[in-house]
Amino acid sequence: MLSFKQLVCSVLSILSFMSVFYSVGKLGIFLATPNPAQPSTQGFPMNRSELRAALFPLFFNTIWVVLFVLQHSAMRAEVVQRVWKAIGLELAERSLYNIASSYCLLLLLKNWKSSPTQYRLWFFDVEENKTLWWLMVGSHVLCWIVVYGGTLMVDLPELMGLKHVYYDINDLAPPMSYKSRDLQDYYKRYRHPSFVALSVVLWFTNGMTVDRFLLALVWSVYMYLAWNTTQADLKYHQLQLERKRAELVHVTK
């Protein structure tokens, strides 16, 4: 029979799974939706009133972007992990992290404000050119498939917090303890798949507005700084690739 702690953590892990897929789905739609041709302007603010109207929504957008970045970094700190352990929720650490990330992301998407004049760094009309429309949307879909596939490779159930609860219910050691030391060290530095695919969905848009540029720039810089892979990680990948090749050669013989 499940203990109260296991029951609570089970609910949180399921909520984590649902929250992540819902929020990422909303983000994918937000980033892939083409910008309309009107209303817009190719120019930039020329007087104080126009500048104020452009900067006001940009200021609030910055708050939500920074909030997401801070939450994403602060909840990885050891002091936060000790807090979860002190209150008996160490099993739900990963789930709580995902739920908080999803909530911050949904807050960003819900409260995102665009300038009424929509100043753009570049724009091309995809409504008049269906080939460009399919190219943009298709590229976003392909990139999200790459991200999803990469997530499966880095152990999606463990990443969502489901494995932690399942292993505890079955009196098993934490799921990370079954992985090699090299892989554990790698996961501490890098859990998000495909920097390239995520960069494409951030930057590949038919209308790069100032607010979209802010989002793409901050998240791209954050990803570059936070995903600090090392030479040891590259050697680990190379070793695993050589092992897979050897296994395939053995199977095909």
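(A) A look at the packing of helix α1 (residues 4–32) against helix α5 (residues 130–153). Contact pair α1 / α5: the axes reach a minimum separation of 10 Å and the direction vectors enclose 155°. Judged by the angle between their axes, α1 and α5 are roughly antiparallel. For α1 against α5, the interelement crossing comes out right-handed. For the pair formed by α1 and α5, the contact residues are F21, V24, L27, G28, L31 and A32 on the first element and M136, V137, H140, W144 and Y148 on the second.

(B) Looking closely at the environment of V154. Along the chain, V154 turns up in the loop between α5 and α6 (156–160). The class for V154 is buried, based on a relative accessible area of 9%. Separated by 79 residues in sequence, V154 and D233 place their C-alpha atoms 14 Å apart. Ignoring any residue separated from it by four or fewer positions in sequence, one finds V154 in contact with L159, Y187 and R191.

(C) Summary view of the packing of aromatic side chains. In the structure shown here, the tally under the stated rule is ten aromatic pairs. With 5.5 Å between their ring centres and 80° between their planes, F59 and F60 make a pair best called edge-to-face. F60 gets classed as partly exposed once you look at its relative accessible area, which sits at 28%. Note on F68 and W219: the rings are 5.1 Å apart at their centroids and 45° apart in plane angle, and the pair reads as tilted. Of this pair, F68 sits in helix α2 (residues 48–74) while W219 sits in helix α10 (residues 210–226), and the two are 151 residues apart along the sequence. The two residues F68 and W219 agree in class, both being buried. The structure contains a cluster of three or more aromatic residues connected by ring pairs, namely F17, F21 and Y148.

Cut-offs used in this document
Residues numbered from 1 in each chain as written. Predicted model: local features only at pLDDT ≥ 70, side-chain atom pairs only at ≥ 80, totals over all residues. Heavy atoms only, no water. Axes fitted to C-alpha atoms, helices over the stretch in contact; angles between N-to-C directions. Helix = DSSP H or I, 4+ residues; strand = E, 2+ residues; numbered from the N terminus. Parallel < 35°, antiparallel > 145°, perpendicular 65-115°, else oblique. Left-handed = near helix turned anticlockwise from the far one by under 90°. Contact = heavy atoms within 4.5 Å. Buried < 20%, exposed > 50% of the residue type's maximum accessible area, 1.4 Å probe, protein only. Phe/Tyr/Trp six-rings, centres within 6.5 Å; stacked < 30°, edge-to-face > 60°.

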